[in-house]
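# Reading the structure
Listed here are the chains, written in short residue letters.
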Amino acid sequence: MADKKIPEVDIIVDEKAGVIKEVEQPKKLRSKKGHERRVNGTIYTVLTIMSIVWLVPFVFLVLQSFRSYKLEKGGMVDYLIPKTFSLDNYAFLFEGSNFFSWCGKAMLLAAAVALAATLLTHFLGRSLDRADASRGKTTLTLGAAMAVCYAALAIAAGAVHGQALGQRLVPALLGLVLFTAAGVIFARIYLKQDDKLLRSLPGYVAEDKHEGAKKVATLAAELWALALLCQCIVAPMQASQYIRWYGNTLTIALFTAVIQTVIVLSVSYALSRLRFRGRKLIMNTVLVLGLFPGFLTMITLYFLLKQMGLTQAGAVPGLILIYCASSGMGYYISKGFFDTIPKSLDESARIDGATRFQVFLKIIMPLAKPIVIYTVLMAFMAPWGDYVFASYVAFGHQEGYNVAVGLYNWVNTNDFQNYFTRFCAGGVLVAVPITALFMALQKYYVEGVTGGAVKG
Amino acid sequence: MASLKLEHVKKVYDKNVVAVHDFNLEIKDKEFIVFVGPSGCGKSTTLRMIAGLEDISEGTLTIGNRVVNDVEPKDRDIAMVFQNYALYPHITVYENMAFSLRLRKMDNEEVHRRVCEAAEILGITQYLARKPKALSGGQRQRVAIGRAIVREPQVFLMDEPLSNLDAKLRNQMRAEIILLRKRIDTTFIYVTHDQTEAMTLGDRIVIMKDGYIQQVGTPQEVFETPKNLFVAGFIGSPQMNFLKAKLVKNSDRYAAELYGIRVELDEKRSAKLRAKNAQPGQVILGVRPEHAQLRFDGAANAIEGTLRVNEMMGSELHLHVDLNDDTRVILRIPTLDLTEEQRAGLTYGSKLWFTFPEKVTHLFDPETEESLLF
């Protein structure tokens, strides 16, 4: 009886009695299923309508950005899909700059150097492995190799841009120092895990066969980014208005993201782990202060910045200062996350010989990856889309605008009808990096939000 | 390897909660000391003060010849095993164990040698490349111990290391800790709430309650001559039976009268009572469950009781017996001592009688709860 197949859920095999009983499915249950289906249907319909309503403005913006400002004039036209799709608006954004040729040259150079650096690192690393050299020596050699690569790059970049050797020498030397430092750091990371030692263990199972290759690739990518940076030093790009605004926004957002993340995480860690007099008071005060909108301080801030010469032409550093100023107040979510990491990990690491800072860096940071990413994203996004602060700090000074302020000025002129489609194109390009960031990091983002919230 | 000295150590938390009162203890080099007591007795706090994770409110702590009150945990040369293992989840077992050595900037080869050696001792060599989450509880605990032994510390602290393991594994690990101790001969301080662990592991046991040390002594000492009611009740399982009795003096010999029987105390006990100048009157008489002898026939000079619960433990029976004034006592009777019929007769409500030899009795003052025989 027992090995009889059980074809459906509705039939229950009663092993003791040896009978197969058919259990009638109650009618209520069936109708419940139907009810569920209807409810789901309604929910999905509502959600679909909502998402369409939500998406319409974006679709509209993207479509408008492809309507040529030369051929189909006008701000508000009575049709949605442009008659001819053109890239005129986008071209306008880059007009008067050598952006594409600059990028092309830079990439070509950087790629070549990265390739050389990769090969060098790889072979050097291998031969050094074989030679059983000490860690310090290996580190230095790798660093030096990369520095040589950089010097070659700087001189070559200068040659491409037609500069004299004298002009090339300064950035080349500067880069030499930079790259030696970077090389040492990367090489240390590269050699840290001691794969060789691990592999000699009897039970070692390689977790990832391509780990070595991955490390080399990462290294190459880092070098590539640095090479681009050097290119900027060697031959600054001639920028159009839009590119300058974009650059301003990017600079502000990047600096803010880094500084704010460091401050927020340190403050949250301190409030989560250290017990000091006035801790509760600080937390409560900050929470209450946070209830006041930041705009209340606008006029005061403007005068303070003005005293320091950080308005108009100095708008970029001024804005970075403003955005970073109160960042410690955003400790709440990450503190909640840190609270969920067992305290005994800290204690154990401290007994193992770590200082507070080493505990933070080596134990807490790797475990708090979601909240780090969440903090970086938040810190990047706020200045990226800010209009209010940016508009009054850079007031009237084109060079200091960020994208939001600049684009607003286009549609605030007498010719606003004609600038509308260009405004749309500018808007689309602004959305690109933030969208990419979100898509890449959304997994962590959700973990960060919920992880911080659960035991907040 | 170092001796430790705690002098008048006191821990006061905010709001004037005193967790540890005037703790005095000298721990010899290479000694295995166990702090035992119910939860909230201050044993973990004391350990954490030794580790440097809690500030010492008053008193001095000396490790070796150095006063370490204000020394950071990392500079005290101690290692600690936590109850919840506290392994670093993001790195492999190998790196977990190597963590402290790397912080000390130790040579790679030396790190490798030490980690492998520790892994060998603990039998976790095949797990070195795994992350902690891929290990079972027992394996994790081994890694935690391994992380401590690679350090070769002066003092080895363990904070209830076995309480997260299931009963079987706990017994196994207990035996392994005894073996481990033989191999790495150093000073151990072990905190537990389990008196069995304390008895089996410790060279000396420190029994604590409400922040006070109740008694310090070898397992033998605290078992045979408990200093007060609390120690007597805490050490030994099931716990000692306490019976109301009357002390009577007959020339220079003492005797105790309880439940209609009279227990003549031997010369050794009488001498101690005389030395304390004990006056006849109310006392508490303590008898361990295993010292009771069962009588079925209502023999003279035996205490009568009614059986309430009969727990069959395999090699022995635990009989919960109510005396005529509703005092509950527990008797531990070896199963082999009873015949089939006698065992069958031990059912709910059946009458039985028991006695005990006078040389195993303990006497306590009901007022101060101190032992009269200490």
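Residues numbered from 1 in each chain as written. Chains lettered and ligands numbered in written order. Predicted model: local features only at pLDDT ≥ 70, side-chain atom pairs only at ≥ 80, totals over all residues.

### Quick look at the overall build of chain B
When its secondary structure is counted, chain B shows 10 helices and 20 strands. Along the three orthogonal principal directions, the C-alpha set of chain B runs to about 75 × 50 × 40 Å. A total of 374 residues make up chain B; the buried ones form 40% of that total. Of the contacts made within chain B by residues no fewer than 6 positions apart, 65% connect residues no fewer than 24 positions apart. (Helix = DSSP H or I, 4+ residues; strand = E, 2+ residues; numbered from the N terminus. Buried ≥ 20, exposed ≤ 12 C-beta atoms within 10 Å, placed from the backbone. Contact = placed C-beta atoms within 7 Å.)

### A look at the interface of chain B and chain A
Counting from both sides, the interface comprises 25 residues of chain B and, opposite them, 22 residues of chain A. Secondary structure elements with two or more residues in the side of chain B that touches chain A: β6 (78-81), α2 (93-103) and α3 (108-122) of chain B. The biggest single contributor to the side of chain B that touches chain A is α2 of chain B, with 4 residues.

### What to know about the pairing of strand β3 (residues 32-36) of chain B
All names here are of chain B. The buried fraction of β3 is high, at 4 of 5 residues. In this structure, β3 lies alongside strand β8 (residues 187-192), joined through 5 bridges in parallel fashion. Bridge pairing links I33 to I189 in β8. Relative to strand β9 (residues 204-209), β3 runs parallel, the two being bridged by 4 bridges. The partner of V36 across the bridge, within β9, is I207. (Pairing = 2+ DSSP bridges.)

### Here we look at the nonpolar core
Nonpolar side chains tend toward joint burial in soluble globular proteins. Ranked by internal contacts, the top residues of the largest apolar core, which has 164 residues, are L319 of chain A together with V34, M80, A144, L157 and I189 of chain B. Ignoring any residue separated from it by four or fewer positions in sequence, one finds M80 of chain B in contact with S348 and I351 of chain A together with A51, A148, L157 and D159 of chain B. (Core = buried A, V, L, I, M, F, W, Y, C linked by C-beta atoms within 7 Å.)

### A short note on the confidence of the model for chain B
A low pLDDT means the predicted coordinates there should not be read in detail. Residues and elements named next belong to chain B. In the predicted model, chain B carries a mean pLDDT of 87, and the fraction of residues at 70 or more is 99%. The secondary structure element of chain B with the lowest average pLDDT is helix α10 (residues 340-345), at 83, and the one with the highest is β3, at 93. Here the prediction assigns the complex a pTM of 0.75, and the interface score ipTM is 0.83. (pLDDT = per-residue confidence, 0-100.)

### A short note on the confidence of the model for chain A
Residues and elements named next belong to chain A. Averaged over all residues, the pLDDT of chain A is 75; the fraction at 70 or higher stands at 64%. Within chain A, no element has a lower average pLDDT than helix α6 (residues 195-199), which sits at 48, and none a higher one than helix α8 (residues 241-273), at 90. Scored below 50 in pLDDT, residues 1-11 shows 12 contacts in the model against residues more than four places distant or in partner chains. Segment residues 451-456 is flagged for pLDDT under 50; beyond a separation of four residues in sequence, or across chains, it makes 16 contacts in the model.

### So, the environment of E290 of chain B
With respect to the helices and strands, the residue E290 of chain B is situated in the loop between β14 (281-287) and β15 (293-295). Taking the C-alpha atoms as reference points, E290 of chain B and H318 of chain B, 28 residues apart in sequence, are found 9.2 Å from one another.

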